[in-house]
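Here is how the chains run, residue by residue.
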Amino acid sequence: MIARVVVDVAARQTDRPFDYLVPEEAEAWIGIGSRVAVPFGGRTVQGFVVGFAREAEVEPGRLKPIGELLDPTPPLRPDLIELARWMADTYGCTWTAAMQAMIPAALKGKAERMVGLAAGRDKAEPADGLSEELVAYLARYGPVKLDSLLERFPGEARAISGALRSGVLAESARVRDRLSVKKVLTVFPPEDREAALEAVGALPPRLEKQRRALMHMLERSAPAPLRRLAEETGLSEAVFRSLADKGLLRIEAVEEDRDPYAGRRFAATGPFRLTDAQAAALGRIAEVLASGRTAAVLLQGVTGSGKTEVYLQAIERCVAIGRQAIVLVPEISLTPQMVERFKGRFGSDVAVMHSRLSAGERYDEWRKVRDGRVRVAIGARSAVFAPFERIGLIIIDEEHESSYKQEESPKYHARDVAVRRAGQHGAVVVLGSATPSLESFAAARLTPAAAAREDGGPAVRISPGAALRSAEWLPLPERALGNPLPPVHIVDMREELAAGNRTMFSRRLREALTQRLARGEQTVLLLNRRGYSTFVMCRSCGYTAGCPHCEISLTYHQRSGVLRCHYCGHAERQPEQCPSCGSPHIRYFGTGTERVEEELTRAFPGIRVIRMDVDTTGTKGAHEKLLSAFGRREADVLLGTQMVAKGLDFPLVTLVGVIAADTSLHLPDFRAAERTFQLITQVAGRAGRHDLPGEVVVQTYAPDHYAIRAAQRHDYIGFVREELRVRRMLFYPPYCRLALATLSHPERPKLAVAAETFAAALRSAAAEAGVLAPLAGNAEPALELVGPAASPIPRLKDRYRWQVMIKYRGIVNAAGLIRQAADALAADRSGADVQISVDVDPQMIL
Ligand code: ADP
Ligand code: ZN
Ligand code: ZN
């Protein structure tokens, strides 16, 4: 048997299957998706089996056997192998990178070079140039990692390599998992109860403790960890061990599941009686689910409309027909309440795939899915790869969130991957949001004719994404508990200034906050910038503090007294005088969350504030701790970046304040208005969700902007109508698709030349493919190039950056064209050391 193996070598040239011979003894348990160690170009590397063949494509003489099967069961399934291939074609990554993204980090091994004494050479002669110490070390420990050997005997590198050449030492390679399963000593109840009971009677009185231990095990039906048994019974572990020595009990090291939620109780929540809108939506989802058709639905429900309840009941239907469900949430550590509700309803039938878990914990949760021990998986975007066998439902909560796009390779969008995966399984994709992305909204609402009507122009086709084509629209227009959406007040900060208020709190917000403090109610404050101030300038000479590695101004963090680059992590001491002119007059502009916290404590003496941003949530479990402290009313104000806007449901929150709505409005990104509208709407939805009525205060310098006006009226459709007009006029998604190629190089002139070469190659590749045509005029396929031009962040981590954007509609292989142009550049002299990164359907144009 021949296995076709894609090796884990990060190079495009080798990103295809290679043939290997499967040794007979492995035939029984190798499968598509198996991970193997194989010889490749003189090394041992890891690879995935993607198929089998009867005959090899290489001559039999050159065929090498597979080295080692790395897992008893294949970690990937055939459908995932195929999905990875699609991702490689769609997003321009390698097949192997896509497959690696699908398995837990714990499984990703690298080959290690091992060195030991050659066979029959237990005592090397000193003449070999190796120290006695080194030889003794190897004789004692056997083959050890080459790296650690060199580290331990740093003076002997040359001698070691000589000994390797002369055959005194032997080298071997080992592909090792980064982690092994945690094992615990577990005691099994006696298998033969009769015999055990007899033994109890036969134990002499002085062995009273052993008798008690054995009786205890007879009463238990399930195995239990030795340590816990000792605690439970008050007997020592040695007592159980003596019974095992006598053969009366069995003690074994057993793989343990590190269930991070073990020992925590979740309030069980029964299914609610659905509102009419919920029932209608659930009915439709269940209908499609039962039909076995693949379909996407857009569940658009205002904040508090009970989308989660629809998800929960849809999942009940799904598992009832013997299929499995995946739930994607934007950032799971931000949504502990969501996890609690799923745990509460489905208990141990849920695997939680959580980026803040340790690699081992994540691996354990993943194994529950692979081994079929759970039927529901909830997690952030990579949970879309949960290795279920027969998926019925994939739910994407807050589907508009940009975190569904992975920003490093493979740069996939989980929404499109979900739609594609659903297609493989005949599953339903539920996209849930109060403020759907324009792509999803267009897929649900805009036929070509409707698209034309929306803005009065000629029919323009929409291009919602790599896989999403159409969706059924299921609206939940009202809150489930019947309470109204909170009123939103817009405050023009220019008027505050004119009225002599120079603080960051408008009179309206100050007053509203004072009331909340007096009434013992809670407030959520949003400012989408962390740090103390975002801009540091010398008043004497105008010098501004910038990152030496990036073209970005440094942010001042007061508590740590440093200036920090939020893009590369560079940090330096806060200057006492201007580095340029020596003047002591340094000023700090631009407000961040740290400064708001300081101002709050100054303006409202005694106020209790919890700040939640990247700086306060670095450690494991920090989010949950801060949120549960807020839930226990240990603070009056929850202040933070967009982290506080998501999914929170606290009954006492009656006021939401947005300190500066403009921070996201003026970013150089065509989605700036959409992001601003979504953020205000989301955070506003935290107010007045239960019995107490809520209100929202939005501070801005652009009170007339349509995104802010529409957010004030809770008017999604109104916003979308405006925004679609802009997108159509400027040709942006959903009226076309984008692909972004970013080129970088340490030297600007070289980069400029390379970017021109690249763009020219791209243009001719597009022309050759017959797709180069203006987008205007409704031709299809059509493709336009924008650029080359300097990126919005022109320098990052000591590399200059230029970009070329492709805008296209119709059937266009954007990733393939970019690859062709990249190959052309690589073959050109100007291409030396130029890095090219490809982003298909980019969510950020930086
Ligand atoms: P969303 O996810 O749409 O913001 P949630 O699912 O959080 O809304 O629901 C808002 C609140 O309404 C929650 O407290 C939830 O328990 C409650 N709820 C949802 N559906 C119902 C229902 N049918 N009957 C009673 N309460 C409901
Ligand atoms: Zn100066
Ligand atoms: Zn930097």
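What you see is a predicted model; the values in this text were computed from it and never measured.

*Asks:* Give me the lowdown on the site of ligand 1, citing residues and values where you can.
*Replies:* In the vicinity of ligand 1, 19 residues are found, and the nearest of them are Arg 273, Gln 278, Gly 304, Gly 306 and Lys 307. Here an oxygen atom of ligand 1 and a side-chain polar atom of Arg 341 are 3.0 Å apart. The fraction of the free accessible surface of ligand 1 (560 Å²) that becomes covered by protein chains is 85%. Considering every element that reaches the shell around ligand 1, the biggest residue donor is helix α11 (residues 307–320), with 3 residues. Across the shell around ligand 1, the residue classes break down as 5 nonpolar, 8 polar and 6 charged.

*Asks:* I'd love a proper account of the coordination of the zinc ion (ligand 2), names of residues and values included.
*Replies:* Here the zinc ion (ligand 2) is held by Cys 538 (SG), Cys 541 (SG), Cys 578 (SG) and Cys 581 (SG), and the distances to it run 2.3 to 2.4 Å. Geometry at the zinc ion (ligand 2) is tetrahedral, judged from its 4 donor atoms and the angles of 107 to 112° they form at the metal. Every donor residue of the zinc ion (ligand 2) comes from the same chain, spaced as C-x2-C-x36-C-x2-C.

*Asks:* Which residues make up empty space enclosed by the protein, and what are the values?
*Replies:* For the structure on display, the rule yields 3 cavities of 30 Å³ or more. Reported here for the largest cavity is a volume of approximately 110 Å³. The wall of the largest cavity is formed by 14 residues, among which Glu 439, Pro 464, Arg 671, Asp 841 and Gln 843 lie closest to the centre. Along the lines of polarity and charge, the residues of the lining of the largest cavity split into 4 nonpolar, 4 polar and 6 charged. In this structure, the second largest cavity encloses a volume near 50 Å³. What lines the second largest cavity is Leu 526, Leu 527, Asn 528, Val 658, Ala 660, Ala 661, Thr 663, Ser 664, Thr 676, Leu 679 and Ile 680. Top contributing element to the lining of the second largest cavity by residue count: helix α21 (residues 672–684), with 3 residues. Here the lining of the second largest cavity is composed, by residue class, of 7 nonpolar, 4 polar and no charged.

*Asks:* Tell me about the coordination of the zinc ion (ligand 3), and please be specific about residues and values.
*Replies:* Looking at the zinc ion (ligand 3), the protein donor atoms are Cys 547 (SG), Cys 550 (SG), Cys 565 (SG) and Cys 568 (SG), and they sit 2.2 to 2.4 Å from it. Coordination at the zinc ion (ligand 3) comes from 4 donor atoms whose angles at the metal span 103 to 116°, giving a geometry best classed as tetrahedral.

*Asks:* Give me helix α10 (residues 276–291): which residues, what numbers.
*Replies:* Over its 16 residues, α10 extends 23 Å from the first C-alpha to the last, a length consistent with the 22 Å expected when each residue adds 1.5 Å. Taken together, the buried positions of α10 are occupied by Gln 278, Ala 281, Leu 282, Ile 285, Ala 286, Val 288 and Leu 289. Down the axis of α10, the sector holding all buried residues measures 165°, keeping them to one side. Projecting away from the buried face of α10 at angles above 90 degrees are the exposed residues Asp 276 and Ala 290. Considering only its buried residues, α10 is in contact with β12 (295–301), α11, β16 (391–397), β17 (428–433) and β18 (472–476). Immediately beyond the C-terminal end of α10, within one or two residues, lies Gly 292, with a positive phi of roughly 75°.

*Asks:* Help me get a handle on helix α1 (residues 78–91), residues and values and all.
*Replies:* If you check α1, its first and last C-alpha atoms are 20 Å apart, about what 14 residues at 1.5 Å a residue would give, namely 20 Å. Among the 14 residues of α1, 10 are classified as buried, and the element is accordingly described as predominantly covered. Asp 79, Leu 80, Ile 81, Leu 83, Ala 84, Trp 86, Met 87, Ala 88, Thr 90 and Tyr 91 are the residues of α1 that are buried. On its buried side, α1 packs onto β4 (43–53), α2 (95–100), α14 (414–425), α25 (814–827) and β33 (835–840). A positive backbone phi angle near 70° is found at Gly 92, which sits one or two residues after α1.

*Asks:* Account for the sheet that holds β18, naming residues and giving values.
*Replies:* As a general point, the strands of a sheet are linked pairwise by backbone hydrogen bonds and lie either parallel or antiparallel. The strand order across the open sheet formed by 7 strands is β14-β15-β13-β16-β17-β12-β18, and the pairing between neighbours is parallel. For this open sheet the edge positions go to β14 (350–353) and β18, each flanked by a neighbour on one side alone. In this sheet, adjacent strand axes meet at a mean angle of 15° when their direction is disregarded. Here 5 bridges tie strand β13 (residues 324–328) to β16, and the two strands are oriented parallel to one another. Pairing of Ala 325 across the sheet is with Leu 393, part of β16. Packed onto the sheet, helix α12 (residues 336–346) meets β13, β14, β15 (376–379) and β16 and runs at close to 160° relative to β14. Its contacts with the sheet place helix α15 (residues 438–445) against β12, β17 and β18, and it is angled at close to 110° to β12.

*Asks:* Break down the pairing of β13 for me, with residues and values.
*Replies:* Among the 5 residues in β13, 5 count as buried, and that is most of the element. Relative to β15, β13 runs parallel, the two sharing 4 bridges. Each bridged residue has a counterpart across the sheet, and for Ile 326 the counterpart in β15 is Ala 377.

Rules of the game
All residue numbers refer to position in the chain's written sequence, counted from 1. Working convention: letters from A go to chains and numbers from 1 go to ligands, in the order in which they are written. Per-residue local features are limited, in this predicted model, to residues with pLDDT of at least 70; the limit for side-chain atom pairs, both in listing and counting, is 80 or more; totals at the level of whole chains, interfaces and linings are taken over all residues. Side-chain metrics rest on all non-hydrogen atoms present in the structure, leaving aside hydrogens and water. For this description, a residue counts as near a given molecule or strand if any of its non-hydrogen atoms is within 4 Å of it. Pairing of N or O atoms within 3.5 Å defines a polar contact, subject to two protein rules: one partner must be a possible hydrogen donor and the other a possible acceptor, and residues neighboring in sequence count only if both atoms are side-chain atoms. Shrake-Rupley sampling with a 1.4 Å probe provides the accessible areas, and residues are treated as covered by the protein chains on show and by no other component. Here a helix means four or more residues in a row that DSSP labels H or I, a strand means two or more in a row labelled E, and each is numbered from the N terminus. In this classification, Asp, Glu, Lys and Arg are treated as charged, Ala, Val, Leu, Ile, Met, Phe, Trp, Tyr, Cys and Pro as nonpolar, and every other residue, Gly included, as polar. Only nitrogen, oxygen and sulfur atoms within 2.8 Å of the metal, or 3.2 Å for Na, K and Ca, are treated as donors, and water is left out, so sites may look incomplete. Sites are called tetrahedral only when four donors show all angles between 85 and 135 degrees, square planar or octahedral only when four or six donors show opposite pairs over 155 degrees and all other angles between 65 and 115, and irregular in any remaining case. With a 1 Å grid laid over protein atoms only, a set of points is called a cavity when a 1.4 Å probe fits there but cannot get out and a pocket when it is open yet has protein on both sides within 12 Å along at least five of seven lines; lining residues have an atom within 4 Å of a point. Grid points are joined across faces, edges and corners, and a volume is the space filled by probe spheres set on the points. Helix span, expected: 1.5 Å multiplied by one less than the number of residues in the helix. For the exposure calls, accessible area comes from a 1.4 Å probe over protein chains only, and a residue counts as buried if that area is under 20% of its type's maximum, exposed if over 50%, partly exposed in between. Each C-beta atom gives one direction from the helix axis, and the arc is the one those directions make. Contact criterion: two residues are considered in contact whenever any of their non-hydrogen atoms come within 4.5 Å of each other. A pair of strands is labelled paired if DSSP reports no fewer than 2 bridges between them. An axis is simply a line fitted to the C-alpha atoms; with a helix, the fit covers only the stretch in contact. Between two such axes, the angle follows the N-to-C directions and lies from 0 to 180 degrees.

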